[in-house]
There are 2 protein chains.
Amino acid sequence: MTGVSQTTVSIVLNERDDAAVRIAPETRERVLAAIRRTGYVADPIARRLAEQRNRFLGVFTYEPVFPAGLGDFYHPFLVGIEECAESIGCDLLLFTSAPVVDGRRRIFHSGNRLRLADGCILLGRWLDPEELARLLAEGQPFVSVGRRDDAGGPVPYVGADYPAATAAQVRRAVELGHTRIAYVGEGSGAESHTDRLRGFTEAVDRAGITGVHIRFGEPVDVMDSLLDQGVTAIFMEEFADGAILAAEAQRRLLGVPQDLSFVALGDPTRPAGTDLEFTGFRIPRREMGWQAVEVLSAIIDGTGGTMQRLLPCQPVAGTTLAVARA
Amino acid sequence: MTGVSQTTVSIVLNERDDAAVRIAPETRERVLAAIRRTGYVADPIARRLAEQRNRFLGVFTYEPVFPAGLGDFYHPFLVGIEECAESIGCDLLLFTSAPVVDGRRRIFHSGNRLRLADGCILLGRWLDPEELARLLAEGQPFVSVGRRDDAGGPVPYVGADYPAATAAQVRRAVELGHTRIAYVGEGSGAESHTDRLRGFTEAVDRAGITGVHIRFGEPVDVMDSLLDQGVTAIFMEEFADGAILAAEAQRRLLGVPQDLSFVALGDPTRPAGTDLEFTGFRIPRREMGWQAVEVLSAIIDGTGGTMQRLLPCQPVAGTTLAVARA
DNA sequence: CCACTTTGTTAATGCGTATTACCAACGTGA
DNA sequence: TCACGTTGGTAATACGCATTAACAAAGTGG
């Protein structure tokens, strides 16, 4: 239409004004006129092909991203992720097509689409160390939401500082006169569990009080065991289990917190029915999501910075932790 | 790695088994092994450029996909969308990078990335008719979640049958002896509003009773007006407004539903604090999301079928609709 | 033993853009 | 006049894949 080359159009479109490539104002105007007349828009696909990146950030979860029946544990993370992605002009690619094997999705599988994105955010309480190791080995840009142990190298993550948050709750209990307290939960497996238990154990040792660790199971049995051991405050790894155990306490006519204190070490990861306002702390999920995108972005761009961040949890006063019963 | 050409890899990758192009099973296996070992994935951008398809479904919302402070109105849609996308092996691309102009995102803008996806799902109570018209004109595959008026042509959608659901509630009220009922809300603007009002008006006319329509505003004024007109049942366009108005009724010591009945025409689109279990209906959001993907998929594949679907809403008995006060 | 088919693989090409190297034409100073 | 910038622009190429025509090797029938 204008008799100029494709190159010239490209230069005009991208408003380049290097010294290296110059276009006469008059020519530029001619091209712009033609663009206006035809409503021409550069094909974004071809553009991406040429530029070698697509400004997609992948989001991978072992469970569905939008869990159907559940109390939206992931949601706040996604809010933060979306906000930050928007601020840096990236789109989010949800890997919904990952096939399910043995009840959960796999990162690596035949037809793995991970590299569709410039980088990837991993969500989930537990991540397969082998898959993490492989991601590291292959140099795939990624970041985990939640602290991860090394997997053949340091894993980039943005996590919650469970040890500090848990320890703070223990100190609070000690101030209120508790001398025999319990940690109820796995305490192993996922890093979020080991971190809580570690914070608990260290704080208990430092305070010189007695801490017991038992796994959750039949509420009746668990409560029997706890009462046998003279425990006055119960630290729950899982909020929902805490609700169950507190109900069991009330069934026995034990007052919460007059007779027995409860501390919930984080937000519910599954729906929990309870009237109690649990004492404990809040995981900064939205902020974690936001910062995860920041870290990932830094990795992709090759700009350095801390690739492992622990964010403080916000204490929640609640009503389930009181002075220890004499 | 395997000593074969790029062509061979492409053929194996796409599982082509034309008579025209054959690969020996042994060679195929060698290539597959290498693919598994390296986790290689074809670049979707290049793929798209060459074959014009990438198995991405775009999701566009005028508001953030993951609204921060709000009662998750979009969430159930997304659950359905994700489930169906997973079932047909597509990934979801969230257009979080769409720039905000005049307080909302725009579909079309310079650097518009819509064409990155094979097709696009549009979410939101209101969609700009001009943008819809342009999508139609350009032949962009898309589907709207929620019914839309024609915009220079029929718009593909999967919506909720508000007229039928609203009319059913009106009939229910008539059965209970109500003869003067009100529709409170905009009744215009978004299709979801006009549809509700239309269902209301038609049902009222057919039943031969009196229906009044007033906009929501200061609760005190609205309630004054409604009581002046002798209204005994109030149909609320917005759930949250209904909660506010019901609170105003109770403030005046009017019993709900003994003295005044309320019907909520759908689920809350914003957080609503209330103890009442509102009578009304439930929008089949998850199913709408699912079917939207089905429709979009059919459009992309060129297989025909109904491009406009209205799904029935599920009635909710609730406790706020009772026999009209004498 | 030759023409002819079948099998397995690849070189070449196109998709629409960004980028780079290079090239005319046109001064400019000595 | 000659060597040397400067200006304005373009041809060529890369990007990573899908597709197609072509081709070598092996088999087959007469």
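Described in the following lines is the structure provided in the data block.

**Comments concerning the overall build of chain A**
In step 1: The helix and strand tally for chain A stands at 10 helices and 14 strands.
In step 2: Relative to a compact globule of 326 residues, whose C-alpha radius of gyration would be 20 Å, chain A shows 26 Å and is clearly more extended.
In step 3: Taking all 326 residues of chain A together, 52% fall into the buried category.
In step 4: Contacts in chain A between residues far apart in sequence, at least 24 positions, make up 70% of those at least 6 positions apart.
In step 5: Accessible surface, chain A as shown: approximately 14500 Å² in total, 50% of it carbon and sulfur.
In step 6: A gap of 5 Å separates the mean positions of the 34 positive and 43 negative side-chain charges of chain A.

**Some thoughts on the environment of B:Gly318**
Residue and element names in this part refer to chain B.
In step 1: Its location among the elements puts Gly318 in the segment after β14 (314–316).
In step 2: Gly318 sits in the partly exposed class, given a relative accessible area of 29%.
In step 3: Taking C-alpha positions, Gly318 is 8.9 Å from Val263, a pair spaced 55 residues apart along the chain.
In step 4: In contact with Gly318, other than residues within four places in its own chain, are Glu277, Phe278 and Thr279.

**What about the protein's contact with DNA strand D?**
In step 1: If you check the shell around DNA strand D, you find 27 residues, and the closest are A:Thr8, A:Ala24, A:Thr27, B:Ser10 and B:Tyr40.
In step 2: The sugar-phosphate backbone supplies 56% of the atoms of DNA strand D found within 4 Å of the protein.
In step 3: At 2.9 Å, a side-chain N or O of A:Thr7 approaches a base nitrogen of DNA strand D.
In step 4: The side chain of A:Gln52 places a nitrogen or oxygen atom 3.0 Å from a phosphate oxygen of DNA strand D.

**Side note on the sheet that holds strand β12 (residues 279–282) of chain A**
Residue and element names in this part refer to chain A.
In step 1: Taken in spatial order, the 6 strands line up as β9-β8-β10-β11-β12-β14 in an open sheet, and their pairing is mixed. Sheet topology places β9 (210–214) and β14 (314–316) at the edges, where each strand pairs with a single neighbour. Pairs of neighbouring strands in the sheet enclose a mean axial angle of 20°, with direction left out of account.
In step 2: The sheet contact formed by strand β11 (residues 261–264) and β12 spans 2 bridges and is parallel. Of the residues in β12, the one forming a bridge with Ala264 is Gly280.

**Details of helix α5 (residues 129–138) of chain B**
In an α-helix, one full turn covers 3.6 residues, which means residues spaced three or four apart are oriented alike.
Residues and elements named next belong to chain B.
In step 1: Among all positions of α5, only Glu131, Leu132 and Leu135 are buried. Viewed along the axis of α5, the buried residues span an arc of 105°, placing them on a single side of the element. Opposite the buried face of α5, at more than 90 degrees from it, the exposed residues are Glu130 and Ala137.
In step 2: Where α5 is buried, its residues contact β5 (119–123) and β6 (142–145).
In step 3: The opening residue of α5, the one whose side-chain oxygen lies 2.8 Å from the backbone nitrogen of Glu130, is Asp128.
In step 4: In the segment just after α5, Gly139 is the residue with positive phi, at about 70°.

**What about the pairing of strand β8 (residues 180–184) of chain B?**
Side chains on a regular strand alternate between the two faces of the sheet.
Residue and element names in this part refer to chain B.
In step 1: Where burial is concerned, most of β8 is hidden: 4 out of the 5 residues are buried.
In step 2: Pairing analysis gives 5 bridges linking β8 to strand β9 (residues 210–214), with the strands arranged parallel. Along β9, the bridge assignment pairs Arg180 with Thr210.
In step 3: Traced from β8 through helix α7 (residues 191–207) to β9, the parallel crossover comes out right-handed.
In step 4: Direction of pairing for β8 relative to strand β10 (residues 233–236): parallel, over a ladder of 4 bridges. Among the inter-strand pairings, Val184 is bridged to a residue of β10, identified as Met236.

**A few points about the protein's contact with DNA strand C**
In step 1: Surveying the vicinity of DNA strand C reveals 27 residues, the closest of which are A:Ser10, A:Tyr40, B:Thr8, B:Arg22 and B:Thr27.
In step 2: Taking all atoms of DNA strand C within 4 Å of the protein, the share assigned to sugar and phosphate is 50%.
In step 3: A:Ser10 places a side-chain nitrogen or oxygen 2.6 Å from a phosphate oxygen of DNA strand C.
In step 4: Between DNA strand C and B:Thr8, the relevant distance is 2.4 Å, taken from a phosphate oxygen to a side-chain nitrogen or oxygen of the residue.
In step 5: The element that contributes the greatest number of residues to the surface near DNA strand C is helix α3 (residues 44–51) of chain A, accounting for 4 residues.

**Overview of the packing of aromatic side chains**
Residue and element names in this part refer to chain A.
In step 1: Taken as a whole and judged by the stated rule, the model has 11 aromatic pairs over all chains.
In step 2: Grouping aromatic residues by their ring pairs yields a cluster made of Tyr183, Phe200 and Phe235.
In step 3: The ring of Tyr162 is capped by Arg196, whose NZ or CZ atom sits 4.0 Å from the centre of that ring.

**Some thoughts on the sheet that holds strand β2 (residues 91–94) of chain B**
In step 1: Within the open sheet, the 12 strands sit side by side as β13(A)-β7(A)-β6(A)-β5(A)-β1(A)-β2(A)-β2(B)-β1(B)-β5(B)-β6(B)-β7(B)-β13(B). Their pairing is mixed. Two strands close off the open sheet at either side, each with one partner strand: β13 (308–311) of chain A together with β13 (308–311) of chain B. Strand after strand, the sheet turns through a mean of 20° between neighbouring axes, direction not considered.
In step 2: Bridge analysis of strand β1 (residues 56–61) of chain B against β2(B) gives 4 bridges, and the strand direction is parallel. Bridged to B:Phe56 within β2(B) is B:Asp91.
In step 3: Relative to β6(B), helix α10 (residues 285–301) of chain B is tilted by about 165°, and along the sheet it contacts β1, β5, β6, β7 (157–160) and β13 of chain B.

**Quick notes on the side chain of B:Thr27**
In step 1: With respect to the helices, strands and loops of the structure, B:Thr27 is situated in helix α2 (residues 25–38).
In step 2: Of the residues examined, B:Thr27 reaches a relative accessible area of 17% and is grouped as buried.

**Points about the packing of helix α6 (residues 162–175) of chain B against α7(B)**
Residues and elements named next belong to chain B.
In step 1: Taken N-terminus to C-terminus, the directions of α6 and α7 make an angle of 40°; their axes are 7 Å apart at the nearest point. The interaxial crossing formed by α6 with α7 has right-handed handedness. Contacts between α6 and α7 involve Tyr162, Pro163, Thr166, Ala167, Val170 and Val174 from the first element and Ser192, Asp195, Arg196, Arg198, Gly199, Phe200, Ala203, Val204 and Ala207 from the second.
In step 2: Along the lines of polarity and charge, the residues of the contact of α6 with α7 split into 9 nonpolar, 3 polar and 3 charged.

**With respect to the pattern of salt bridges**
In step 1: What the rule picks out here adds up to 44 salt bridges over all chains.
In step 2: Close ionic contact of A:Glu248 with A:Arg252 constitutes a salt bridge, the shortest N to O distance being 2.7 Å.
In step 3: For A:Glu248, a relative accessible area of 7% puts it in the buried group.
In step 4: Ionic pairing is found between B:Arg148 and B:Glu191, a salt bridge with its closest N-O pair at 3.5 Å. Here B:Glu191 lies in helix α7 and B:Arg148 lies in the loop between β6 and β7, a separation of 43 residues in the sequence. Across the pair, B:Glu191 and B:Arg148 agree in class, each one buried.
In step 5: Here the salt bridges share partners, and the residues they tie into one network are A:Arg125, A:Glu238, A:Asp241 and A:Arg270.

**Let's talk about the environment of A:Leu260**
Residue and element names in this part refer to chain A.
In step 1: Note that Leu260 resides in the loop between α9 (239–251) and β11.
In step 2: By relative accessible area, which is 2% here, Leu260 ends up buried.
In step 3: Sequence-wise, Leu260 and Ala322 are 62 residues apart; in three dimensions their C-alpha atoms are separated by 8.2 Å.
In step 4: If we skip the residues at most four places from it in the chain, Leu260 touches Met223, Val231, Thr232, Ile234, Ala249, Leu254, Gly255 and Thr320.

Cut-offs applied
Residues numbered from 1 in each chain as written. Chains lettered and ligands numbered in written order. Predicted model: local features only at pLDDT ≥ 70, side-chain atom pairs only at ≥ 80, totals over all residues. Heavy atoms only, no water. Helix = DSSP H or I, 4+ residues; strand = E, 2+ residues; numbered from the N terminus. Rg over C-alpha atoms; globule rule 2.2 N^0.38 Å. Buried < 20%, exposed > 50% of the residue type's maximum accessible area, 1.4 Å probe, protein only. Contact = heavy atoms within 4.5 Å. Areas by Shrake-Rupley, 256 points an atom, 1.4 Å probe, with all protein chains shown as cover. Lys, Arg positive; Asp, Glu negative; His and termini not counted. Charge placed at Lys NZ, Arg CZ, Asp CG, Glu CD. Near = heavy atom within 4 Å. Polar contact = N/O pair within 3.5 Å; in protein donor to acceptor, adjacent residues only side chain to side chain. Pairing = 2+ DSSP bridges. Axes fitted to C-alpha atoms, helices over the stretch in contact; angles between N-to-C directions. Arc of directions from axis to C-beta. Right-handed = clockwise from strand over helix to strand, strands pointing away. Phe/Tyr/Trp six-rings, centres within 6.5 Å; stacked < 30°, edge-to-face > 60°. Lys NZ or Arg CZ within 6 Å of the ring centre and 35° of its normal. Left-handed = near helix turned anticlockwise from the far one by under 90°. Nonpolar A, V, L, I, M, F, W, Y, C, P; charged D, E, K, R; others polar. Salt bridge = Lys/Arg side-chain N within 4 Å of Asp/Glu carboxyl O.

By themselves, these observations are geometric and do not establish any function.
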